[in-house]
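Residues per chain are reported as follows:
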Amino acid sequence: VVYNGIAIEREPIAEPASQDLLMLARHDRNKNVAMVVRAFGQLIERNHQWQGRLVIVGRSGRQTPELKKIVDKLPKPERVVLLDGVSGAELVQLLRGSLALVSASTMEGFDYPIMEAKAEGLPTIISDIPVHRELHDGTSLFFIWNRTVRTNFILFHF
């Protein structure tokens, strides 16, 4: 089933083109971008050989100053790329050139980027919230995080 008329126009991605993680989210608290940046910092600290970047495409907002501070404190801040927006063609290129799409929303109405990623054949790593569970159970890697611990412990599950 393809929701909201998302048409698959190309062959699905056969294998990752890079080690980059992609996040499509404006810089708002409910999108949980800060948590993803912190978790990415932990990932690169623990896996020195891994060379992926975190590419975040989304409009600046109230959380942007906080995000920039978090990025600046990372061991390799140059591996986080903040893009305010991209064209449709650039978005397809980013989707098809990434390892996975990350969606960490704490609440969401539909989360269209997940459907776009799946239409391209890109794996998705998403927060375990009701709408994600309803639409993507069995087709995405879900994660939960400890909201009370600053280390953002993440547990993956299917």
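Residues numbered from 1 in each chain as written. Predicted model: local features only at pLDDT ≥ 70, side-chain atom pairs only at ≥ 80, totals over all residues. Heavy atoms only, no water.

K.L.:
Help me understand the overall build of the protein, please; the structure alone is not making it clear to me.
P.N.:
Helices and strands together make up the secondary structure of the protein, namely 5 helices and 7 strands. Ordered by position in the sequence, the α and β elements of the protein form the string β-α-β-α-β-α-β-α-β-α-β-β. Going through the 158 residues of the protein one by one, you find that 44% of them count as buried. Within the protein, contacts between residues at least 6 apart in sequence are counted, and of these 63% link residues at least 24 apart. (Helix = DSSP H or I, 4+ residues; strand = E, 2+ residues; numbered from the N terminus. Buried < 20%, exposed > 50% of the residue type's maximum accessible area, 1.4 Å probe, protein only. Contact = heavy atoms within 4.5 Å.)

K.L.:
What is the right way to look at helix α1 (residues 33-46) in this model?
P.N.:
Since the α-helix turns once every 3.6 residues, residues separated by three or four places project in the same direction. Over its 14 residues, α1 runs 20 Å from end to end, which matches the ideal 20 Å to within 8%, given 1.5 Å per residue. Within α1, 11 of the 14 residues are buried, leaving the element largely enclosed by the surrounding structure. Looking at α1, one finds that the buried residues are V33, A34, M35, V36, V37, R38, A39, F40, G41, Q42 and I44. (Expected span 1.5 Å × (residues − 1).)

K.L.:
Explain the confidence of the model for the protein to me, please; I cannot follow it from the model alone.
P.N.:
Should pLDDT be low for a region, the predicted coordinates there are not to be read in detail. Averaged over every residue, the pLDDT of the protein is 80; the share at 70 or more is 72%. In this model, residues 148-158 is a region of pLDDT below 50 whose contacts with residues beyond four sequence positions or in other chains number 30 contacts. (pLDDT = per-residue confidence, 0-100.)

K.L.:
What am I meant to see in the packing of aromatic side chains here?
P.N.:
Aromatic rings considered in pairs are described by the distance between their centres and by the relative angle of their planes. Per the counting criterion, the structure on display carries 1 aromatic pair. On the numbers, 5.8 Å between centres and 65° between planes, the contact of F40 with W50 is edge-to-face. Of this pair, F40 sits in helix α1 while W50 sits in the loop between α1 and β2 (54-57), and the two are 10 residues apart along the sequence. F40 sits in the buried class, given a relative accessible area of 3%. Given a relative accessible area of 13%, W50 falls into the buried group. (Phe/Tyr/Trp six-rings, centres within 6.5 Å; stacked < 30°, edge-to-face > 60°.)

K.L.:
Even after reading the chapter, I still don't get the packing of helix α3 (residues 88-96) against helix α4 (residues 112-120), so can you show me in this structure?
P.N.:
For any two helices packed against each other, the geometry is given by the interaxial angle and the distance between the axes. Running from amino to carboxyl end, α3 crosses α4 at an angle of 65°, the nearest separation of the two axes being 10 Å. With respect to each other, α3 and α4 are oriented roughly perpendicular. You can see that α3 and α4 cross each other, and the crossing is right-handed. Judged by residue contacts, L91, V92, L95 and R96 of α3 engage E116, A117 and E120 from α4. (Axes fitted to C-alpha atoms, helices over the stretch in contact; angles between N-to-C directions. Parallel < 35°, antiparallel > 145°, perpendicular 65-115°, else oblique. Left-handed = near helix turned anticlockwise from the far one by under 90°.)

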